[in-house]
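Residues per chain, in single letters:
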Amino acid sequence: MATALITGASRGLGEEFAWQLATARHDVVLVARDSDRMSEIADTIRSAAGVEVEVLQADLADPAALDRVADRLADPDRPISLLVNNAGYGLGRSILETTWEDEKAALDVLVTAPMRLSQVAAKAMVDRGHGAILNVSSIAAHLANSSYGAHKRWVLDFTQALAGQLRGTGVSATAVIPGLVRTEFHDAPDLVHMREEYPDAAWLSAEQVVASALAAVRRKAVTVTPSARYAAGAGLLHLVPKSLTRRSRSQRRG
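Moving on: the overall build of the chain. Each helix and strand in the chain was counted, giving nine helices and nine strands. Taking all 254 residues of the chain together, 52% fall into the buried category. Taking as baseline every contact in the chain between residues at least 6 positions apart, the subset at least 24 positions apart corresponds to 70%.

Caution applies to low-pLDDT parts of the model: their predicted coordinates are not meant to be read in detail. Overall, the prediction assigns the chain a mean pLDDT of 86, with 80% of residues at 70 or greater. Segment residues 235-254 is flagged for pLDDT under 50; beyond a separation of four residues in sequence, or across chains, it makes 52 contacts in the model.

With that settled, the discussion passes to the packing of helix H1 (residues 12-23) against helix H7 (residues 206-218). Between two packed helices, the angle of one axis relative to the other and the distance separating the axes together describe the packing. Axis separation between H1 and H7 bottoms out at 9 Å; the angle between their running directions is 60°. Considering the angle they form, H1 stands oblique to H7. Judged by the sense of rotation from one axis to the other, the crossing of H1 with H7 is right-handed. Residue-level inspection shows Leu13, Glu16, Phe17, Gln20 and Leu21 of H1 in contact with H7, the latter providing Ala206, Glu207, Val209, Val210, Ala211, Ala213 and Leu214.

Relative to the helices and strands, aspartate 102 is located in helix H4 (residues 100-128). Using a relative accessible area of 23% as the deciding quantity, one classes aspartate 102 as partly exposed. Aside from chain neighbours lying at most four places away, what touches aspartate 102 is Tyr89, Leu91 and Arg93.

An ideal rise of 1.5 Å per residue puts 21 Å on 15 residues; helix H2 (residues 35-49) measures up with 20 Å between its terminal C-alpha atoms. When H2 is considered as a whole, its buried residues turn out to be Met38, Ile41, Ala42, Ile45 and Ala49. Across the axial projection of H2, the buried residues extend over an arc of 105°, all falling on one side. Away from its buried face by more than 90 degrees, H2 exposes Asp36, Glu40 and Ser47. Looking at the buried residues of H2, the elements they touch are H1, strand E2 (27-32) and strand E3 (53-57). Capping the start of H2 is the job of one residue whose side-chain oxygen sits 3.3 Å from the backbone nitrogen of aspartate 36: aspartate 34.

All right, on to the packing of aromatic side chains then. One pass over the full model with this rule turns up one aromatic pair. Arranged with centres 4.7 Å apart and planes meeting at 5°, the rings of tryptophan 154 and phenylalanine 158 form a pair that is stacked. Here phenylalanine 158 and tryptophan 154 lie together in helix H5 (residues 147-165), a separation of four residues that amounts to about one turn. With a relative accessible area of 24%, tryptophan 154 lands in the partly exposed category. Residue classification places phenylalanine 158 among the buried residues on the basis of a relative accessible area of 17%.

With 29 residues, H4 should reach 42 Å at 1.5 Å per residue; the first-to-last C-alpha distance of 40 Å fits that figure. Within H4, the axis deviates most sharply at aspartate 108, by approximately 40°. One or two residues past the end of H4 sits glycine 129, with phi positive at roughly 85°.

Another aspect to go through is empty space enclosed by the protein. With the rule as written, the count across this model stands at one cavity of 30 Å³ or more. Put simply, the largest cavity is a space of about 80 Å³. Asn85, Ala87, Val109, Leu110 and Pro114 are, among the 13 residues lining the largest cavity, the residues nearest its centre. Counting residues per element, the ones that place at least two in the lining of the largest cavity are H4, strand E5 (131-136) and H5. Ranked by residue count, the leading element in the lining of the largest cavity is H4, at four residues. The residue inventory of the lining of the largest cavity, partitioned by class, reads eight nonpolar, four polar and one charged.

Definitions and cut-offs
- Residues numbered from 1 in each chain as written.
- Predicted model: local features only at pLDDT ≥ 70, side-chain atom pairs only at ≥ 80, totals over all residues.
- Heavy atoms only, no water.
- Helix = DSSP H or I, 4+ residues; strand = E, 2+ residues; numbered from the N terminus.
- Buried < 20%, exposed > 50% of the residue type's maximum accessible area, 1.4 Å probe, protein only.
- Contact = heavy atoms within 4.5 Å.
- pLDDT = per-residue confidence, 0-100.
- Axes fitted to C-alpha atoms, helices over the stretch in contact; angles between N-to-C directions.
- Parallel < 35°, antiparallel > 145°, perpendicular 65-115°, else oblique.
- Left-handed = near helix turned anticlockwise from the far one by under 90°.
- Expected span 1.5 Å × (residues − 1).
- Arc of directions from axis to C-beta.
- Polar contact = N/O pair within 3.5 Å; in protein donor to acceptor, adjacent residues only side chain to side chain.
- Phe/Tyr/Trp six-rings, centres within 6.5 Å; stacked < 30°, edge-to-face > 60°.
- Bend = angle between axes of the 7 residues up to and from the residue.
- 1 Å grid on protein atoms, 1.4 Å probe; cavity = no way out; pocket = protein on both sides within 12 Å on 5 of 7 lines; lining within 4 Å.
- Points joined across faces, edges and corners; volume = space filled by probe spheres on them.
- Nonpolar A, V, L, I, M, F, W, Y, C, P; charged D, E, K, R; others polar.

What follows is the structure in structure tokens.
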């Protein structure tokens, strides 16, 4: 049975990835900071889906914790067939309002961790001749008005570069580019206002995003935007001068 490792697996998209993969008969390794919540999810998934569930507590902003996750990915005796780099969060404030420690931690989780884990996973998967890496980007990648958007742009560009380097190896790389998603992400104090500012039609379900992302992995697509509306919007954003998007309010999550 194939095994998937999912970061940020204690809530939101990460939890939904765990459920959809488990019901598709994948064993799963859950990675997140909240070990208590992961343990509850793990027990429920084991009972409902009958698969193996491993819990790995790790704060990806901590280099030692990131090393532990990388070591798990590299373990030849317990191979990982799918890596889902999903962990992330939005600061909800401009760089003029945050501290360096805030920004560095976000950079470590949103950029450093996906690069490190993707490299480790790719090398192990190429040696076996098969595997897939799925990175969660954001529609914010098409804007130019926040450090969060810049990080998600990096995720998108990095995944496209990685996909090119993996061509012909049997290993694929995919970036999913969701818009606003109804998860606990927007429960954070600096983000909760977004629930009222955007209409219902702007919000996607976690189920929709994850199903689209996993379907894209199966067909080895390099990018996927799990909404026709957001795909059209992304196309328009390519035509809009960055000077205009820079004036818009900070897009904290997509």
